[in-house]
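Report on the structure
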Amino acid sequence: MVNFSKKLTTDQIPGWEEYYFNYKLLKARVKVYTEQTKEGNHDRRRVLKDFSKLLDDEIEKIVLFMIEQQGLIAARLEELGKRRAVLEDIPLLQEITELREDYRAVGHDLVRLLKFVDLNANAVRRILKKFDERLGYKFTDYYVRSRSNHPYSQLQQVFKHVGIGAVVGALSRNLGDLEEREGSYLNIYDQNPLAIPKDPIIDMIKATADKLTNSTNFLRFLGQHALIRQGSIPDSPEEQQVSEDKYHFISLVLNLANTFLYMVNTYIVVPTADDYATSLGAAATVCGVIIGSMAVAQLFSSVYFSAWSNRSYFRPLLFSSVVLLLGNVMYALAYDFDSLAILLAGRVLCGMGSARAVNRRYISDCVPQRIRMQASAAFVSASALGMACGPAIAGLLQVNYKVYSVTINQDTLPGWVMALGWLAYLVWLWISFREPVLGDADEEGHRQGSSRGSSSLGYRKHGLAGEYLLKQDAQGESDQEETPAPAAAPSIAEAYRLLTPSVKVQLLIYFMLKFSMEVLLSESSVVTSYYFGWNTSSVAVFLAALGLTVLPINAVVGTYISNMFEDRQILVASEAVLLAGVALSFHVPGTAYTAAQYVCSALLTFVAAEVLEGVNLSLLSQVMPARLSRGTWNGGLLSTEAGTLARVAADGTITLAGYLGQGALLNATLLPSLLICAASIAATLSTYNSLFY
C-alpha cells in the first residue's frame with residue numbers, strides 16, 4: 001500500500017502542483033511539536049495558534065485556485081453557449097457533434113477539479129487526525145466547528161461546492177439539447193428528471209461530486225440502514241462497463257423480494273403466537289420463544305451466508321428458499337400434530353434461511369454505483385414494508401375450517417401462506433435469476449472473503465464540512481511507510497479485539513434499540529389482550545400502523561433533521577426519547593393502564609428506535625477499524641449479530657417474565673429495556689468527543 005505522502009504526489013494533476021496542500025510541511029511541523037512536547041518545551045496555546053494559521057493558509061490557497069478554475073469553466077461554458085445559439089438557427093450535424101465533444105471536455109475538466117478538491121480534503125483530514133494522535137489534543141473538533149460555521153469560512157467553500165450544481169445543470173441542459181431527436185430539441189425542464197437521457201460525463205460528474213460532498217438526502221439516509229457499501233467512483237469506462245455487465249435488474253428484484261418475504265415471515269406470526277402457544281398447551285408468554293427461535297437460528301445463518309456469498313449468490317438464495325418453505329410447512333402442521341417442538345423446529349428452520357447477508361452483498365457487488373444508493377434505499381424500504389405487511393396479513397387470516405385432516409385457522413394460516421409465497425419465489429428464482437460472471441479480480445476478492453457489502457460507508461454532514469474531514473479511513477490508505485493492506489480479522493475473537501471503545505458503545509446502542517423494539521413488538525399481543533381485550537385483528541392493525549411509520553419518519557430525518565444537527569446530537573436525542581418512551585410504558589400499580597398510554601408510549605419508542613438505528617449505523621461506519629471492513633467477520637456482520645442477539649435476549653426475557661404472571665409481564669420486561677437504555681446514554685456521553693475518530 002502506498003503511503004499518503006507518495007499518493008498525494010503521484011496523483012497530482014500536472015501543472016497544478018503548487019496549489020496542492022503542503023502535507024509534508026505540516027507533517028514535519030507536527031513532528032517538531034511532538035518533540036517539543038516530549039522535552040516539555042511547548043506552549044499549548046501557541047502551538048494551536050501556529051498550526052491553525054498554517055492550515056488556514058493552505059486551505060486559502062486551495063480555495064482561491066478552485067474559484068479561479070470555476071471561473072475558467074464558467075467562461076468556457078459561456079463561449080460554448082454562444083456557439084450553440086448560432087447552431088439553433090443553422091443546425092449543422094458536424095458542428096453539433098464538435099460542440100457536444102467540447103461540452104464533454106468541459107465536463108472532464110470539472111471532474112478533474114473535483115478530484116483535486118477531494119485529494120486536498122483528504123490531506124486536510126489526515127493532518128488533523130495526525131495532529132490529534134501525536135499531541136493528544138481534540139483539535140479537529142474545534143477547528144472544524146470554528147471554520148465550517150463561520151460566515152467567511154474557506155473550509156466551507158471547499159466542501160459545499162457552491163456553483164457546481166449550476167455547472168452540472170448547464171452541461172446537462174446543453175448536452176440534452178444537442179442530442180438528435182428527429183430534428184426537434186427537447187428542453188430538460190419540460191421532462192421528468194428521471195426520464196432525461198444523460199450523457200455518461202454527467203453521471204461521472206454527479207458521482208464524483210456525491211463522493212466528495214456526501215450530501216444527505218432521503219435515499220442516502222435510507223441506504224445507511226442497509227449496511228451496504230456505496231463504493232467509489234469508477235475512473236474509467238472499462239470499470240463502469242464491468243459493473244454494468246454484472247448487473248441484472250430481475251436478479252436485483254429477486255434479492256429485494258427475498259428481503260420483503262423474510263421480513264413478512266418474521267412478523268406474520270406476532271399477532272397469533274400467543275394464541276398458538278396456548279392451543280398447544282403452553283403459556284401465552286411462550287410466544288417469546290416462538291418469535292425468538294427464528295432470531296436464534298439467524299445468529300448462525302448470518303455467518304455461513306456471509307461466507308457463502310463469497311462464492312455464489314444463486315445457490316444460497318436457492319437454499320434459503322427451500323429451507324424457509326420447509327420451515328413454514330412444519331410451523332403450520334404443528335397444530336394438527338399438537339407438538340410445540342415441531343412448531344419451534346419450523347421457526348428455527350425459517351431462521352436458518354435468513355439470506356439478508358446475500359441480499360446486501362449482491363447490491364454491494366453487482367449493482368452499478370449510479371443506482372446503488374437507490375437499490376440500498378429499496379432494500380430498506382422492502383424490509384420496512386415487510387415488517388408492516390406481516391402483521392397486517394395475519395389480521396386478514398381469520399378463518400377456521402379443515403381440508404381433509406389439515407386444520408386451517410388463524411394460527412396455521414401464516415405458515416401455509418408463507419409456504420406458498422416461498423414456493424412461488426423459488427420457481428421465479430429458478431427461472432429468472434442470473435448468476436454474475438466473476439472475473440479474475442472478483443474471484444480473488446471472493447477467495448479472500450472480502451465481504452465488501454456488509455458494512456456501510458455512508459456519511460452525513462457535520463455542519464457543512466466536518467463529516468468529510470472526520471470520517472474514518474474508509475479507503476484504507478496508510479499514512480505510514482509502505483505496508484501490506486490490513487488483513488481481515490480471521491476469527492470473531494480477533495474481530496472483538498479490534499473493537500475500540502467507540503465501536504463497542506455503538507454496538508451497545510444497536511443492541512439496546514433492537515432489544516427495546518423486540519420487547520415492544522413480541523409482547524404486544526399478550527399485553528393488549530390482557531389490559532385492553534384486543535383481538536388478533538386489532539393487534540395486527542396496531543403493529544402494521546407502527547411499521548408504516550418507518551418510511552415517513554426516515555424521510556423527515558433524512559431530508560431535514562440530519563441537515564440541521566450533527567449525527568451524535570441526533571443520537572443522544574433519540575436515546576433520550578426512547579428512554580422516555582420506555583418509561584412512559586410502565587404500569588404504575590394502583591392506577592388504570594389505558595390504551596392511549598400504551599399506544600403513545602409504543603409510538604414514541606418505535607419511532608425513536610427507527611431514527612436511532614440510521615444514525616447509529618452511520619456513526620458506526622465512521623469509527624469501525626479498517627480491518628473490519630472486509631472478510632467474513634466484518635463490522636456489518638458484527639452489528640447484525642449484536643442486533644440478532646438483542647432480539648433473542650428480548651424474546652427470552654418475555655418468556656422468563658411470563659412465570660411472574662401476565663399482570664407482571666409488562667413491567668418485568670420494560671425494566672431491562674430501561675436499564676440498558678440508561679447505560680447506553682451514559683456510555684454515549686463518555687465517548688461523545690471520540691465519535692468522529
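The protein has the name SPX domain-like protein in an unreviewed UniProt entry, where Triticum monococcum is given as its organism. The Subcellular location (unreviewed entry) field of the UniProt record for the protein holds the comment "Membrane". Per UniProt, the comment on the protein under Sequence similarities (unreviewed entry) is "Belongs to the major facilitator superfamily."

**Focus: the overall build of the protein**
Tallying secondary structure elements over the protein gives 29 helices and two strands in all. Out of the 693 residues in the protein, the part that is buried amounts to 56%. In the protein, the share of contacts with a sequence separation of at least 24, taken over all contacts with a separation of at least 6, comes to 84%. Accessible surface for the protein amounts to roughly 28,600 Å². Of this, 62% is attributable to carbon and sulfur atoms.

**Some points on the environment of Gly107**
Relative to the elements of secondary structure, Gly107 occurs in helix 4 (residues 93–135). When the C-alpha positions of Gly107 and Ile73 are compared, they lie 9.0 Å apart, and in sequence the two are 34 residues distant.

**A look at unusual backbone geometry**
Positive phi outside glycine occurs at Asp338, with the angle close to 50°. Asp338 sits in the exposed class, given a relative accessible area of 53%. Non-glycine residue Tyr404 carries a positive phi angle of around 60°. Mapped onto the fold, Tyr404 is located in the loop between strand 1 (400–403) and strand 2 (406–409).

**Side note on the packing of aromatic side chains**
Here the structure, examined in full by the defined rule, presents 30 aromatic pairs. Aromatic pair Tyr530 and Tyr531: ring centres 4.9 Å apart, planes at 90°, arrangement edge-to-face. Within the aromatic cluster, the residues linked to one another by ring pairs are Tyr530, Tyr531, Phe532, Trp534, Phe542, Tyr593 and Tyr598. In this structure, Arg112 packs its charged tip against the face of Trp16, placed 5.0 Å from the ring centre.

**Structural notes on the pairing of strand 1**
The pairing of strand 1 with strand 2 spans four bridges and is classified as antiparallel. For Lys402, the partnering residue across the bridge sits in strand 2 and is Thr407. The turn joining strand 1 and strand 2, which pair antiparallel and follow one another in sequence, is formed by two residues; a positive phi near 60° is taken by Tyr404.

**Description of helix 15 (residues 340–352)**
Helix length check: helix 15 (13 residues) gives 18 Å between terminal C-alpha atoms against 18 Å at 1.5 Å per residue, within 8%. Residues of helix 15 that are buried: Leu343, Gly346, Arg347, Cys350 and Gly351. Projected down its long axis, helix 15 shows its buried positions confined to an angular sector of 140°, all on one face. Tucked inside the fold, the buried residues of helix 15 contact helix 11 (249–267), helix 12 (273–279), helix 13 (287–308) and helix 14 (314–337).

**Quick look at the side chain of Asn328**
Mapped onto the elements, Asn328 comes out in helix 14. Every residue in contact with Asn328, bar those within four places of it in the chain, is listed here: Asn265, Cys350, Pro414, Gly415, Met418, Ala419 and Trp422.

**A look at the pattern of salt bridges**
Scanning the entire structure with this criterion turns up nine salt bridges. Between Asp50 and Arg29 there is a salt bridge, and its shortest N-O distance comes to 3.0 Å. Of the two residues, Asp50 is situated in helix 3 (residues 44–89) and Arg29 in helix 2 (residues 23–39); the sequence distance between them amounts to 21 residues. When its relative accessible area of 25% is taken as the criterion, Asp50 is described as partly exposed. As a salt-bridge pair, Lys514 and Glu613 come within 3.5 Å of each other at their nearest N and O atoms. On the criterion of sequence distance, the pair formed by Lys514 in helix 22 (residues 501–522) and Glu613 in helix 27 (residues 595–623) is long-range, its members being 99 residues apart. Overall, the relative accessible area of 8% leaves Glu613 in the buried class.

**Some points on the confidence of the model for the protein**
Per-residue pLDDT for the protein has a mean of 76; in total, 71% of the residues score no lower than 70. Considering each helix and strand of the protein separately, the mean pLDDT is smallest for helix 20 (residues 466–470), with a value of 37, and largest for helix 18 (residues 413–432), with 95.

**Overview of the packing of helix 23 (residues 524–531) against helix 24 (residues 536–548)**
Two quantities define a packed helix pair, namely the angle between the helix axes and the distance between the axes. As a packed pair, helix 23 and helix 24 sit with axes 10 Å apart at the nearest point and diverge in direction by 130°. Taken together, the axes of helix 23 and helix 24 are oblique relative to one another. Note on packing geometry: the crossing formed by helix 23 with helix 24 is right-handed. Listed contacts from helix 24 to Ser524, Ser525 and Thr528 of helix 23 are Val539, Phe542 and Leu543. Considered class by class, the residues forming the contact of helix 23 with helix 24 number three nonpolar, three polar and no charged.

**Focus on a nonpolar patch on the surface**
A surface patch of nonpolar side chains, amounting to about 580 Å² of accessible area, comprises Leu420, Leu423, Val427, Trp430 and Ile431. As for its placement among the helices and strands, Trp430 is situated in helix 18.

**Description of the packing of helix 11 against helix 15**
Direction vectors running N to C along helix 11 and helix 15 enclose 155°, while the axes themselves pass 11 Å from each other. Between helix 11 and helix 15, the angle is such that the two are roughly antiparallel. As for the relative orientation of helix 11 and helix 15, their crossing is left-handed in sense. Note on element contacts: helix 15 touches helix 11 through Arg347, Cys350 and Gly351, opposite Tyr262, Asn265 and Thr266. A breakdown of the residues in the contact of helix 11 with helix 15 according to their chemical character gives two nonpolar, three polar and one charged.

**Remarks on the nonpolar core**
Judged by nonpolar contacts, the single largest core of 109 residues is most densely connected at Leu252, Trp422, Tyr425, Phe433, Leu513, Leu578 and Phe606. No other element matches helix 22, which puts 13 residues into this core. Excluding its chain neighbours within four sequence positions, the residues that come into contact with Phe433 are Ser251, Leu254, Asn255, Tyr313, Phe314, Leu317, Tyr362 and Trp428. Counting 43 residues, the second-largest nonpolar core is a separate cluster that includes Leu26, Val63, Leu113 and Tyr143.

**Digging into the environment of Ala683**
By secondary structure assignment, the location of Ala683 is in helix 29 (residues 662–686). When its relative accessible area of 16% is taken as the criterion, Ala683 is described as buried. In sequence terms Ala683 and Lys504 are 179 residues apart; their C-alpha atoms lie 9.3 Å from each other. Setting aside chain neighbours within four positions, we find Ala683 in contact with Val505 and Leu508.

Cut-offs used in this document
Residues numbered from 1 in each chain as written. Predicted model: local features only at pLDDT ≥ 70, side-chain atom pairs only at ≥ 80, totals over all residues. Heavy atoms only, no water. UniProt positions renumbered as here; feature names shortened; annotations may be inferred. Helix = DSSP H or I, 4+ residues; strand = E, 2+ residues; numbered from the N terminus. Buried < 20%, exposed > 50% of the residue type's maximum accessible area, 1.4 Å probe, protein only. Contact = heavy atoms within 4.5 Å. Areas by Shrake-Rupley, 256 points an atom, 1.4 Å probe, with all protein chains shown as cover. Phe/Tyr/Trp six-rings, centres within 6.5 Å; stacked < 30°, edge-to-face > 60°. Lys NZ or Arg CZ within 6 Å of the ring centre and 35° of its normal. Pairing = 2+ DSSP bridges. Expected span 1.5 Å × (residues − 1). Arc of directions from axis to C-beta. Salt bridge = Lys/Arg side-chain N within 4 Å of Asp/Glu carboxyl O. pLDDT = per-residue confidence, 0-100. Axes fitted to C-alpha atoms, helices over the stretch in contact; angles between N-to-C directions. Parallel < 35°, antiparallel > 145°, perpendicular 65-115°, else oblique. Left-handed = near helix turned anticlockwise from the far one by under 90°. Nonpolar A, V, L, I, M, F, W, Y, C, P; charged D, E, K, R; others polar. Patch = residues over 30% accessible without salt bridge, like charges linked within 9 Å, V, L, I, M, F, W, Y side chains within 5 Å. Core = buried A, V, L, I, M, F, W, Y, C linked by side-chain atoms within 4.5 Å.

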